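# Reading the structure
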Amino acid sequence: MKRSLINARVIDPTNGRDGQYDLHLDGGRLIAIGEAPAGFSAEQRDDLAGKLVTPAFIDLGAHLRDPGPRYKGSLVSESAAALAGGYATILPRPDTSPVLDSASHIRTLLDRARDVAGVRLAPLGALTQGLEGDLLANMAALKSAGCVALTNLRQPIRDLGVLRRCLEYARTFDITVVFQAQEAALAGQGCAHEGAIASRLGLAGIPESAETVALTQWLLLIEQTGVRAHVSLLSSARAVELVRDAKARGLDISADVSMAQLHWTDEQLEGFNANFHLEPPLRSAADRDALRAGVVDGTIDAIVSDHLPHEAAAKSAPFAVSEPGMTSLETMLPLGLALVEAELLSLPRLIETLTFSARRFGLKGGMLEVGEYCDLAVIDMEQEWRVSSETLVSAGHNTPLLGMLLNGRVEEVLLGDSCYA
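This report concerns the structure included in the present document. Starting from 1, residues in each chain are numbered consecutively following that chain's sequence as written. With pLDDT at 70 or above as the cut-off, local features in this predicted model cover only qualifying residues; side-chain atom pairs require 80 or more to be listed or tallied, and sums for whole chains, interfaces and linings still use all residues. Note that the side-chain values use all heavy atoms of the structure and ignore hydrogens as well as water.

### Some remarks on the sheet that holds strand S8 (residues 120-121)
Taken in spatial order, the 3 strands line up as S6-S7-S8 in an open sheet, and their pairing is parallel. The open sheet has two free edges, formed respectively by strand S6 (57-60) and S8, since each of these has just one partner strand. By the convention used here, strands pair only if DSSP detects at least 2 bridges between them. Only DSSP runs of H or I covering at least 4 residues are called helices, and only runs of E covering at least 2 are called strands; the numbering of each starts at the N terminus. The pairing of S6 with strand S7 (residues 87-91) spans 4 bridges and is parallel. The partner of Phe-57 across the bridge, within S7, is Tyr-87. Between two residues, a contact is recorded if the distance between any of their heavy atoms is within 4.5 Å. Angles here are taken between N-to-C directions and fall from 0 to 180 degrees, while the axes themselves are lines fitted to C-alpha atoms, restricted in helices to the stretch in contact. Packed on one face of the sheet, helix H13 (residues 347-360) meets S6 and S7 and runs near 65° to S6.

### Topic: the packing of helix H8 (residues 237-248) against helix H10 (residues 285-297)
Contact geometry for H8 and H10: axes closest at 8 Å, N-to-C directions at 30°. As far as their axial angle goes, H10 and H8 are roughly parallel. Across the interface between the two elements, Ala-237, Val-240 and Arg-244 from H8 touch Ala-286, Asp-287, Ala-290, Leu-291, Gly-294 and Asp-297 from H10. Residue classes follow a fixed rule: Ala, Val, Leu, Ile, Met, Phe, Trp, Tyr, Cys and Pro count as nonpolar, while Asp, Glu, Lys and Arg count as charged, and any other residue, Gly among them, counts as polar. In the contact of H8 with H10, the residues fall into 5 nonpolar, 1 polar and 3 charged. For classification purposes, angles smaller than 35 degrees are called roughly parallel, those larger than 145 roughly antiparallel, those between 65 and 115 roughly perpendicular, and all remaining angles oblique.

### Let's talk about the pairing of strand S2 (residues 17-26)
Summarising the sheet, strand S1 (residues 2-12) and S2 pair through 9 bridges and their orientation is antiparallel. Among the inter-strand pairings, Ala-8 is bridged to a residue of S2, identified as Tyr-21. The turn linking S1 back onto S2 is made up of 4 residues, and Gly-16 within it adopts a positive phi angle of 65°. Both S2 and strand S3 (residues 29-33) contribute to a ladder of 4 bridges, which runs antiparallel. Bridge pairing in S3 places Leu-23 opposite Ile-33. Hairpin connection from S2 to S3: 2 residues lie between these consecutive antiparallel strands, with Gly-27 at a positive phi of about 60°.

### Here we look at the side chain of Asp-46
By the secondary structure assignment, Asp-46 is in strand S4 (residues 44-47). Each residue's exposure class comes from its accessible area (1.4 Å probe, protein chains only) as a fraction of the maximum for that residue type: buried when under 20%, exposed when over 50%, partly exposed otherwise. Residue Asp-46 is classed as buried on the basis of its relative accessible area of 17%. Here the side chain of Asp-46 touches Arg-3 through a polar contact of 2.6 Å, side chain to side chain. Those residues in contact with Asp-46 that lie beyond four places of it in its chain are Arg-3, Ser-4, Leu-5 and Ile-6. By the criterion applied in these results, polar contacts are pairs of N or O atoms within 3.5 Å in which, for protein atoms, one can donate a hydrogen and the other can accept it, and in which residues neighboring in sequence qualify only through two side-chain atoms.

### Focus: the environment of Ala-302
Mapped onto the fold, Ala-302 is located in strand S16 (residues 302-304). As for Ala-302 and Leu-354, which are separated by 52 residues in sequence, their C-alpha atoms are 6.1 Å apart. With sequence-adjacent residues up to four places away left out, Ala-302 is seen in contact with Ala-255, Asp-256, Val-257, Thr-353 and Phe-356.

Here it is in structure tokens:
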């Protein structure tokens with residue numbers, strides 16, 4: 001279809017574009033920005049005055065629950081949730097059932113994704129077999145099958161010699177390693193930030209050092225091996241400092257933070273709401289402020305959803321024994337816009353953080369290039385909507401935002417040559 005989107009505010013941070021433009025599409029390909037080409041006649045013309053058009057978002061590490069237990073979600077339900085949130089591409093995590101540690105598992109997932117009218121997948125493969133931290137996965141085969149990066153998530157690799165070999169092999173095969181820093185021995189059975197609030201509530205704490213000790217080890221080995229790396233889900237002020245210093249020393253490293261960490265602190269634990277049981281835990285207000293500052297100054301490159309849908313029973317247990325995680329793909333945009341409204345972040349910077357993964361992991365998308373196929377999000381920043389079981393399309397409704405009125409919603413995602421409302 002030939003389609004023109006006119007009078008919209010268009011933000012494309014990669015190309016430094018922020019203003020009112022007309023976009024002209026032909027079969028999913030962006031053929032002009034501004035005036036339509038000679039002889040172009042749109043079959044559909046949409047006046048988007050007052051609306052925002054951006055490159056569709058890309059998310060690192062959302063759990064699509066597929067393959068795995070269907071009562072927590074499926075490729076169909078979570079793909080729909082991603083589209084509703086403005087996402088065109090997801091880099092799903094590998095702790096599925098079975099674990100994405102072989103080329104055959106990756107190919108099966110990608111084959112299934114092609115049968116679903118949903119987002120594009122660029123999977124993260126397991127760094128070690130079964131994510132058990134003992135034997136290296138077949139990195140070359142995983143990359144050949146379609147993995148864009150490797151990770152062991154928060155599963156420990158206790159033998160630092162094994163970890164070093166993992167990074168050396170990843171460097172050899174030119175594949176990015178994604179890591180979530182947590183020293184298991186220090187985290188123990190904790191479920192909350194170690195501090196006065198957790199102590200008063202009788203909740204076992206996870207100290208900041210569980211993150212920073214592991215992060216320091218990783219950074220030293222990254223420096224030694226020269227591997228390209230990305231640290232995911234930062235949660236503490238000290239970790240931000242460590243990443244800032246590593247970048248200043250020239251390490252090939254990038255970083256992200258979840259939207260939840262930019263909004264909430266361990267003060268939310270006062271009501272024992274299990275929807276605030278996250279991993280890593282919500283930390284202090286000082287940590288949150290440092291994370292926000294890291295996003296603003298570029299130390300933190302991306303804001304991610306950390307989407308982890310659960311069934312109701314997983315969150316109905318007492319806080320300490322509930323399952324950690326939050327459904328979040330559909331609420332990322334309004335929570336991001338709330339940061340913009342509070343003047344904590346500019347709107348172009350928000351869009352940049354939501355599309356950063358395209359550049360870091362060598363993916364198409366994340367920008368508007370004339371002559372190329374592009375994924376677009378059409379956004380109504382003024383639309384109010386209430387978060388409820390009826391408005392969420394994810395199989396998981398485990399969010400503390402249930403019942404709340406949010407501002408800003410994605411109207412459409414134009415994905416290549418297809419359009420999803």
